[in-house]
Amino acid sequence: MEYSVSHLAAITNGLFYGNGDRVFHEISTDSRKPVIPERVIFIAIKGRQHNGHDHLQTMLEKGVKIFLVEQLPKESETNNASWVVVKDTLKALQVLAATHRKTFNFPVIGITGSNGKTIVKEWLYQVVYRNFNVVRSPHSFNSQIGVPLSVLKMERHHTLGIFEAGISQTGEMEKLEKIIHPDIGIFTNIGDAHATGFSSLKEKISEKLNLFINSEALVYHNTDTLLSSEIEEFCQLHSVRSISWGTNESANIRVKIAKLNGYSEIEANSFRFTLPFDDDASIENAIHVWALASQLNIPADSIAETFERLLPVEMRLNQKSGKNNTTLICDYYNSDLTSVELAMQWSMRQHARNGRTIILSDIEQSDLPDFELYTKIKEFISKYHFDRFIGVGNSISTQASVFSDINARFYKDTDSLISDFQNLHFVDETILIKGGRRFRFEKIEKQLQLQVHNTVLEVNMNSLGHNLNYFRNLLPANTGIMAMVKAFSYGSGGHEIAHFLQFYGVEYLAVAYPDEGIALRKDGIHLPIMVMNSDPDSYSSIIEYDLEPEIFSLSGLRSLLSAAESQNCNGIKVHIELNTGMNRLGFDSTDISQLVEILKASHRISIASIFSHLATSDEPENSFAVKQITLFEQMYDEITNSLNIKPLKHILNSSGIIHFGRPGFDLVRLGIGLYGIDPSFSVQRSLEPVGSLWSTISQIRVVKAGDGVSYGLNSVADHDRKIAVVAIGYADGLNRLLSNGNGYFVIHGKDAPIVGNVCMDMTMCDVSEIDCEVGDKVQIFGIRPTINELAEKLNTIPYEILTSVSQRVKRVYTET
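The present account deals with the structure reproduced in this document.

**Examining the environment of Asp 720**
Next, step 1: The residue Asp 720 is located in the loop between β34 (715–716) and β35 (721–726) in this model.
Next, step 2: For Asp 720, a relative accessible area of 43% translates into the label partly exposed.
Next, step 3: Once the C-alpha coordinates of Asp 720 and Val 702 are considered, the two residues, 18 residues apart in sequence, prove to be 6.8 Å apart.
Next, step 4: Sequence-distant contacts of Asp 720, defined by excluding residues within four places in its chain, comprise Val 702, Val 703, Lys 704 and Ala 705.

Now the structure itself:
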């Protein structure tokens with residue numbers, strides 16, 4: 001992509017100021033991400049929560065010289081930059097992308113639906129990349145901003161485009177259609193995801209179909225009656241060829257599906273292929289891919305070969321702890337330039353203690369000449385601030401001269417690298433391990449990974465981002481978010497979650513105890529951090545690490561003032577908690593006069609916020625919350641009027657945002673909702689679970705009729721049973737109340753009831769009806785059983801389920 005400032009102004013009907021001959025090759029809409037200043041234009045987009053115009057100075061300081069804005073800043077005449085001014089920068093971005101799209105004639109595939117868009121896109125890429133030079137959406141770039149950024153990556157050397165499109169309300173898909181303008185489409189399925197912006201499921205289908213109004217053909221699964229009838233009517237109306245598949249006679253493509261032990265055999269139009277999955281969602285996604293690849297004349301044997309080695313997309317990129325205090329970021333799914341840059345972007349979200357190393361294999365999925373290809377890689381290394389580069393493979397090694405002026409080493413293969421580990425000294429750093437599958441970089445990961453047992457909590461960072469944005473959209477534009485990362489981020493992992501939230505612009509973090517806040521400070525978190533429980537012994541550390549304690553009593557206030565005096569500190573930020581009826585912590589209304597008197601007499605303390613807790617926020621029918629909010633406002637006004645100050649004001653937690661969003665005030669405290677849980681169930685369908693707990697089968701044995709299982713031998717049956725021993729117990733956080741059939745695991749999509757008592761490190765389950773073997777994965781909670789389901793069984797709350805997962809359980813962070 002190459003556009004000049006003057007050309008951009010002409011395309012977008014804007015006015016340009018400064019040098020109109022400057023050109024840009026890349027687009028940035030996020031001031032937090034690294035850029036190559038001489039190649040980029042910064043587009044300042046106004047969102048509900050953030051305004052890109054607030055970050056123009058940041059981008060100028062980075063050296064950026066080209067800007068697309070809605071108003072010209074006052075200092076523009078003195079900074080030698082070029083500016084294009086338009087009425088609406090988002091609309092201008094979309095117009096630019098639509099114009100760019102019109103300059104290409106190669107086939108473009110559009111994908112929409114409620115679920116599976118990204119998986120279908122990535123699997124389709126795996127099938128076709130040997131036959132086409134493919135440009136595709138990065139990650140899940142399917143929004144009003146993501147789609148134009150994706151399409152603007154189209155270049156002359158590409159021969160196929162694959163783009164996904166998602167919408168959340170009416171009128172959006174019409175805009176995306178003009179940008180993608182697909183020749184062939186896939187409609188994956190329809191469900192409840194993002195349904196709140198539509199009056200009915202029928203309207204939602206109709207809106208999504210607008211993506212294909214000018215398409216030649218559309219692939220879909222005809223199992224859903226409403227979806228099928230809407231698509232058929234749409235295709236007839238707009239002369240689009242429908243390509244339906246299904247197991248029924250009405251489908252254009254008849255398929256037969258045989259589910260076996262962990263894999264499936266599919267027959268479609270007399271063609272047979274095998275999938276390494278047996279779940280319905282993966283099967284549906286794969287058949288979508290097969291149907292469309294067939295339309296592109298991809299040879300059947302090539303499709304079958306690729307299908308046999310498909311990986312779940314969630315395996316594509318994950319983060320885990322390594323030896324010697326390292327952080328490993330692993331990605332072995334694709335080997336192309338786009339996925340390399342995306343993996344580098346991901347690594348930037350983590351604080352690197354002593355730097356960043358990238359281990360990269362030959363890039364096999366590229367049509368660029370090697371010199372040009374690896375020159376781009378070197379640009380990425382500089383752009384994303386990697387301190388050391390390790391190349392593996394013949395092609396990358398022959399281009400060693402490209403990397404001559406940076407810290408670089410090269411190895412002919414993976415084993416050669418591993419044999420030289422003692423000379424590489426991986427300590428206190430972030431290590432990105434990015435390689436093509438044939439290089440088997442899993443062996444590198446195994447050598448570097450901190451050895452813990454096989455029970456893991458998978459934390460989906462995409463879902464975390466989805467939930468954050470969902471709650472942001474419920475709030476007024478001027479209301480900030482204090483994200484709760486106490487209790488090891490509700491069991492999901494401390495610094496990893498905190499860095500993610502810092503990167504995505506929350507205003508505050510909150511922890512339970514000073515030690516948690518100190519650990520975050522040491523790990524590079526610079527956001528304001530409120531400490532909810534502190535004592536006089538911790539005040540000196542709180543002051544040293546710039547933490548902000550909650551003060552809820554006169555004695556606590558006096559102790560902090562004493563510590564501030566002894567350390568000669570002024571302006572220590574504190575958060576004043578008021579008791580408005582929960583009767584846990586906080587100043588009562590009768591304490592306010594003394595509180596004000598003490599604060600007036602001292603300059604040592606600055607009130608950052610005043611807040612309270614709702615006792616019944618998950619009970620919208622209970623009027624007590626409204627009474628609390630009214631009392632809170634009265635108490636807040638009494639304090640602030642007396643002191644002539646206006647600190648931040650907050651009272652709503654996750655349930656409060658949902659049910660009492662009107663008084664969002666200055667901040668809300670987002671906790672359990674961020675992790676995908678709505679205790680009241682009113683918006684649960686709109687949230688995505690962040691954590692899923694997995695273990696593995698350690699042993700399988702046959703227990704004879706009449707024999708007992710586990711401590712106490714309480715579980716006895718009158719028939720032989722096949723029992724699997726699973727590597728999880730109550731020391732990992734599995735509640736013993738789930739013993740003896742009160743709980744179940746899921747193996748290959750089937751329920752495996754817990755047998756006997758849960759042990760400290762092991763639990764047994766009945767797999768008599770499940771075809772499984774040692775080493776198979778076992779889901780403890782996630783999609784099924786859900787955390788809410790477990791909480792109901794145990795007569796507790798979802799908070800307890802999440803925070804009970806012990807820290808000896810490995811956390812793995814994934815991005816799809």
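**With respect to the sheet that holds strand β5 (residues 40–43)**
Next, step 1: Sheet architecture is open: five strands sit in the order β2-β7-β6-β5-β4, paired in mixed fashion. The sheet terminates laterally at β2 (15–17) and β4 (26–28), the two strands that pair on one side only. Averaged over all neighbouring strand pairs, the angle between strand axes comes to 20°, with direction disregarded.
Next, step 2: The pairing of strand β6 (residues 66–69) with strand β7 (residues 82–85) spans four bridges and is parallel. Counterpart to Ile 66 in the pairing with β7 is Ser 82.

**Things to note about helix α11 (residues 337–347)**
Next, step 1: Burial within α11 is extensive, with nine of its eleven residues counted as buried.
Next, step 2: Those residues of α11 that fall on the buried side of the exposure criterion are Leu 337, Ser 339, Val 340, Glu 341, Leu 342, Ala 343, Met 344, Trp 346 and Ser 347.

**Quick look at the sheet that holds strand β29 (residues 605–612)**
Next, step 1: Taken in spatial order, the eight strands make up an open sheet running β30-β29-β28-β27-β26-β25-β24-β31, and their pairing is parallel. The outermost strands of the open sheet, each flanked by one partner alone, are β30 (648–650) and β31 (667–670). Direction aside, neighbouring strands of the sheet carry axes that sit 30° apart on average.
Next, step 2: Strand direction decides the pairing type here: strand β24 (residues 480–484) and β31, joined by four bridges, are parallel. Across the sheet, Ala 483 pairs through a bridge with Leu 670, a residue of β31.
Next, step 3: On top of the sheet, helix α23 (residues 624–643) reaches β28 (572–578), β29 and β30; it is set at about 165° to β29, its chief contact.

**Thoughts on the side chain of Glu 230**
Next, step 1: Position of Glu 230 relative to the elements: it lies in helix α8 (residues 225–238).
Next, step 2: With residues near it in sequence (within four places) discarded, Glu 230 still touches Lys 202, Ile 205 and Leu 209.

**A short note on the packing of helix α4 (residues 117–128) against helix α9 (residues 280–295)**
Next, step 1: The interhelical angle for the contact between α4 and α9, taken along N-to-C directions, is 45°, at an axis separation of 9 Å. Looking at the two axes, α4 sits oblique to α9. Note on packing geometry: the crossing formed by α4 with α9 is right-handed. Across the interface between the two elements, Ile 119, Val 120, Trp 123, Leu 124 and Val 127 from α4 touch Ser 282, Asn 285, Ala 286, His 288, Val 289, Leu 292 and Ala 293 from α9.
Next, step 2: Among the residues forming the contact of α4 with α9, the class breakdown is nine nonpolar, three polar and no charged.

**Notes on the environment of Trp 83**
Next, step 1: Within the secondary structure layout, Trp 83 lies in strand β7.
Next, step 2: Under the relative-accessibility criterion, Trp 83 is labelled buried at 1%.
Next, step 3: C-alpha of Trp 83 to C-alpha of Gly 14: the two residues are 69 residues apart in sequence and 9.7 Å apart in space.

**Considering the pairing of strand β38 (residues 763–766)**
Next, step 1: Side chains of β38 alternate between two faces, with Thr 763 and Cys 765 and Met 764 and Asp 766 buried alike.
Next, step 2: Across four bridges, the pairing between β35 and β38 is antiparallel. Its bridge partner being in β38, Val 726 is matched across the sheet by Thr 763.

About the cut-offs
Residues numbered from 1 in each chain as written. Predicted model: local features only at pLDDT ≥ 70, side-chain atom pairs only at ≥ 80, totals over all residues. Heavy atoms only, no water. Helix = DSSP H or I, 4+ residues; strand = E, 2+ residues; numbered from the N terminus. Buried < 20%, exposed > 50% of the residue type's maximum accessible area, 1.4 Å probe, protein only. Contact = heavy atoms within 4.5 Å. Pairing = 2+ DSSP bridges. Axes fitted to C-alpha atoms, helices over the stretch in contact; angles between N-to-C directions. Parallel < 35°, antiparallel > 145°, perpendicular 65-115°, else oblique. Left-handed = near helix turned anticlockwise from the far one by under 90°. Nonpolar A, V, L, I, M, F, W, Y, C, P; charged D, E, K, R; others polar.

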